[in-house]
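Observations on chain architecture
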Amino acid sequence: MGREILAIAFRSLRANKMRSGLTMLGLVIGVAAVIVLSSFGQGVGNSVNSAIAPVANSITVVPKLSPIPNGPPAEPLTDADEKAISELPGVAQLVPNVTGATVGAAGQNSVAVTAEAGAQSFTSASVLGTGANYLSANQRTVVSGRFFTDDEAASGARVAVLGPLIDKALFGSDPNGGVGRTFRVNHGVFRVIGTLPSYGASGDNVIVMPLLAARQAVFGYGYGGDELSSIVVKATNTLQVPPVEAEITQLLLQRHHITNPTFEDFQVQDLGSRLTTFEQLIQLITTFVPAIAAVSLLVGGIGVLNIMLVSVTDRTREIGTRKAIGASDSAILSQFVMEAIALAGTGGLLGVMLGVGLILTTKLLIPMMSTKGFLSTFDPVLSGPPVAVAFVISLMIGLLAGGYPAWRAAQLKPIEALRYE
């Protein structure tokens with residue numbers, strides 16, 4: 001009996017191919033949209049997490065650059081502070097930094113940096129004096145040449161690694177840039193040993209050199225003395241970030257002789273709260289974007305309801321004939337409900353095929369594209385639950401949208417139905 005009803009349902013759909021196809025189109029688009037957007041949302045979340053995971057255990061300590069109202073004179077961060085922090089438990093790595101921007105508590109040491117090579121010059125360069133572990137601590141690489149070694153950092157060697165903007169301005173578009181060539185930073189002569197990839201506008205105009213070389217050759221012996229612009233601390237893992245942050249705060253309060261925390265002359269910043277907020281945003285996007293796409297399923301359901309109402313009206317005499325020869329109300333009800341489910345199920349199946357096809361096509365195309373940054377790590381996630389949920393929803397839409405028209409058909413009186421014109 002069930003097979004017979006199903007066969008009748010599909011015969012009815014084939015008898016009105018154009019009408020059935022247009023009705024299914026809304027469901028096809030809705031199901032495909034839900035699957036694709038769910039997949040893309042999960043892919044975005046995974047890509048973002050993979051990008052930020054390496055720095056999730058980073059803590060940055062910086063001096064407060066303005067005087068503290070009603071507080072004692074602010075003290076700068078120093079090499080001694082760095083050494084004390086490095087001895088704390090839970091600290092896996094530490095990178096001291098001094099920059100061409102403001103250094104020191106009062107902000108009096110801002111230096112304009114000019115890089116020159118032959119007739120070429122770059123007047124808005126930013127110098128970063130740092131340790132040899134800068135790359136590993138910041139999860140960065142060089143695109144050509146190399147980074148300076150521990151020995152070069154300790155001796156203050158006049159070597160530098162250039163950001164792409166400066167490298168291109170001074171040495172042209174050669175892929176190897178200025179590696180092996182010399183240039184001047186203010187009055188100091190440096191040899192280029194490597195170039196950095198692009199990290200955005202703020203990182204492309206940077207000149208990275210050993211901290212001691214920056215102090216001696218660029219900023220002058222008296223510049224900042226043993227002061228630091230920042231200290232980047234890497235905890236052993238993300239779980240250690242809160243206790244390490246608290247230990248750093250307590251240590252610096254003691255070293256700077258501060259009894260009232262409101263007078264802190266430093267800031268200890270971690271990415272934890274920002275990452276949590278960002279992950280919540282990503283979760284919100286991956287949850288609600290498919291939900292918005294599901295609205296098109298509702299539109300498709302309205303289409304199914306409309307077409308089933310039209311179908312009942314068009315086949316009123318057929319319904320009267322069947323009831324006159326003994327068809328029960330439940331048989332008529334089952335027939336029209338099955339037609340609605342067949343219509344919605346077919347649309348849902350086609351939507352699944354379209355959605356899965358689009359995802360697989362995207363996964364094939366992305367590696368073929370010349371991509372950088374975020375898109376190079378983007379990989380849509382094709383998983384079973386979104387596919388199953390979208391298909392089941394389409395079936396439920398068929399059941400609900402077909403229920404009322406089927407009930408109307410079952411309630412028709414044979415005599416009235418046979419007289420219908």
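Preceding block: the structure.
Summary of the structure given here.

Here is what the cut-offs are and how they apply
- Residues numbered from 1 in each chain as written.
- Predicted model: local features only at pLDDT ≥ 70, side-chain atom pairs only at ≥ 80, totals over all residues.
- Heavy atoms only, no water.
- Helix = DSSP H or I, 4+ residues; strand = E, 2+ residues; numbered from the N terminus.
- Buried < 20%, exposed > 50% of the residue type's maximum accessible area, 1.4 Å probe, protein only.
- Contact = heavy atoms within 4.5 Å.
- Areas by Shrake-Rupley, 256 points an atom, 1.4 Å probe, with all protein chains shown as cover.
- Axes fitted to C-alpha atoms, helices over the stretch in contact; angles between N-to-C directions.
- Parallel < 35°, antiparallel > 145°, perpendicular 65-115°, else oblique.
- Left-handed = near helix turned anticlockwise from the far one by under 90°.
- Salt bridge = Lys/Arg side-chain N within 4 Å of Asp/Glu carboxyl O.
- Patch = residues over 30% accessible without salt bridge, like charges linked within 9 Å, V, L, I, M, F, W, Y side chains within 5 Å.
- Phe/Tyr/Trp six-rings, centres within 6.5 Å; stacked < 30°, edge-to-face > 60°.
- Core = buried A, V, L, I, M, F, W, Y, C linked by side-chain atoms within 4.5 Å.
- Polar contact = N/O pair within 3.5 Å; in protein donor to acceptor, adjacent residues only side chain to side chain.

**Here's the deal with the overall build of the protein chain**
- Check the secondary structure of the protein chain and you find 15 helices and 13 strands.
- Here the protein chain holds 421 residues, and 44% of them are scored as buried.
- Expressed as a percentage of contacts within the protein chain between residues at least 6 apart in sequence, the contacts between residues at least 24 apart total 80%.
- Summed over its atoms, the accessible surface of the protein chain is roughly 21,000 Å², and 62% of this surface lies on carbon and sulfur atoms.

**Some thoughts on the packing of helix α3 (residues 79-86) against helix α9 (residues 241-255)**
- Here α3 crosses α9 at 140°, and the two axes come no closer than 10 Å. The angle between the axes of α3 and α9 places the two elements in the oblique class. The way α3 lies across α9 gives a crossing that is right-handed. In this structure, α3 contributes A80, D81, A84 and I85 to the contact, and α9 contributes I248, L251, L252 and R255.

**Quick word on the environment of V142**
- Secondary-structure assignment places V142 in the loop between α4 (134-138) and β6 (144-145).
- With a relative accessible area of 23%, V142 lands in the partly exposed category.
- For the pair V142 and P197, spaced 55 residues apart in sequence, the C-alpha separation works out to 6.3 Å.
- Apart from residues lying up to four places away in sequence, V142 is in contact with L135, F147, V161, T195, L196 and P197.

**Here's the deal with the pattern of salt bridges**
- A full pass over the atoms with the stated rule returns four salt bridges.
- Among the salt bridges present, the one from R215 reaches D79, with a minimum N-O distance of 2.9 Å. Here the residue R215 occupies a position in helix α8 (residues 211-218), and D79 occupies one in helix α3, the gap between them amounting to 136 residues.
- Taking the relative accessible area as the measure of exposure, R215 reaches 10% and is therefore buried.
- Of the charged contacts, one joins E87 and K83 as a salt bridge, the two residues approaching to 2.8 Å between their closest N and O atoms. Each member of the pair, E87 as well as K83, carries the same accessibility label: exposed.

**Overview of the packing of helix α13 (residues 329-368) against helix α14 (residues 384-410)**
- Close contact between α13 and α14 brings their axes to 7 Å; oriented N to C, the two are set at 155°. Judged by the inter-axis angle, α13 sits roughly antiparallel to α14. Seen along the crossing, α13 lies across α14 with a hand that is right-handed.

**So, a nonpolar patch on the surface**
- Residues M18, L22, L25 and I29 make up a contiguous nonpolar surface patch of roughly 430 Å² in combined accessible area.
- Relative to the elements of secondary structure, I29 occurs in helix α2 (residues 17-52).

**Observations concerning unusual backbone geometry**
- Of note in the backbone geometry, Q139 takes a positive phi value of approximately 55° without being a glycine.
- Among the structural elements, Q139 can be located in the loop between α4 and β6.
- Q139 gets classed as partly exposed once you look at its relative accessible area, which sits at 47%.

**A few points about the environment of Q250**
- Tracing the backbone through its elements, the reader meets Q250 in helix α9.
- Judged by its relative accessible area of 44%, Q250 is partly exposed.
- Along the backbone, Q250 and P261 are eleven residues apart, and their C-alpha atoms lie at a distance of 9.3 Å.

**Thoughts on the packing of aromatic side chains**
- Under the counting rule described, the total for this entry stands at three aromatic pairs.
- Ring geometry for Y134 and F147: centres 5.9 Å apart, planes at 15°, overall stacked. In this pair, Y134 is assigned in helix α4 and F147 in the loop between β6 and α5 (150-155), connecting sequence segments 13 residues apart. As far as the burial class goes, Y134 and F147 line up, both buried.
- Note on F183 and F190: the rings are 6.4 Å apart at their centroids and 40° apart in plane angle, and the pair reads as tilted. One exposure class covers both F183 and F190, and it is buried.

**A look at the nonpolar core**
- By size, the foremost hydrophobic cluster in this structure holds 41 residues, and its most contacted members are I85, F183, F190, I207, M209, V233 and I248.
- Here this core takes six residues from α9, the largest share from any one element.
- If you look at the next biggest cluster of nonpolar residues, it comprises 27 residues, including L27, V36, I359 and A409.

**Points about the side chain of T249**
- Structurally, the position occupied by T249 is in helix α9.
- Reaching out from T249, the side chain makes a polar contact with the backbone oxygen of E245 at a distance of 3.0 Å.
- Once residues lying within four places of it in the same chain are set aside, the contact partners of T249 are E264, F266 and V268.

**A word on the side chain of H256**
- Along the chain, H256 turns up in the loop between α9 and β13 (266-270).
- Taking the relative accessible area as the measure of exposure, H256 reaches 5% and is therefore buried.
- Only 3.0 Å separates the side chain of H256 from the side chain of D81, close enough to count as a polar contact.

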